[in-house]
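# Per-entry structural report
Listed here are the chains, written in short residue letters.
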Amino acid sequence: MMKQKLLDAIACPKCFGKLDYNEQQQTLSCLNDQLIYTVVDGIAVLIEDEAKTLDLTNNKATL
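Report on the accompanying structure. Keep in mind the model is a prediction, meaning the values are calculated, not measured.

## So, the pattern of salt bridges
Inspection of the entire model under this criterion finds two salt bridges. Ionic pairing is found between Glu48 and Lys14, a salt bridge with its closest N-O pair at 3.8 Å. In this pair, Glu48 is assigned in the loop between strand 4 (43-44) and strand 5 (52-55) and Lys14 in the loop between helix 1 (4-9) and strand 1 (20-22), connecting sequence segments 34 residues apart. Residue classification places Lys14 among the partly exposed residues on the basis of a relative accessible area of 44%. Salt-bridge contacts for Lys18 lead to Asp20; the nearest nitrogen and oxygen are separated by 2.9 Å. Its relative accessible area of 63% is what places Lys18 among the exposed residues.

Thresholds applied
Residues numbered from 1 in each chain as written. Predicted model: local features only at pLDDT ≥ 70, side-chain atom pairs only at ≥ 80, totals over all residues. Heavy atoms only, no water. Salt bridge = Lys/Arg side-chain N within 4 Å of Asp/Glu carboxyl O. Helix = DSSP H or I, 4+ residues; strand = E, 2+ residues; numbered from the N terminus. Buried < 20%, exposed > 50% of the residue type's maximum accessible area, 1.4 Å probe, protein only.

Here it is as structure tokens:
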């Protein structure tokens, strides 16, 4: 689980926009860039090359 203070401070590394946290899936998503970043052991992996693509038509993440 990520703390709200940290969630308020971090941003998408690509566009610097807001990230939405999904606690159940342990992901952070950027709707602007349609990317999903993983959270591993409470640490956000904000590396664009490791992000998954968000498919808004099916509400699924694809590699």
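Further notes follow.
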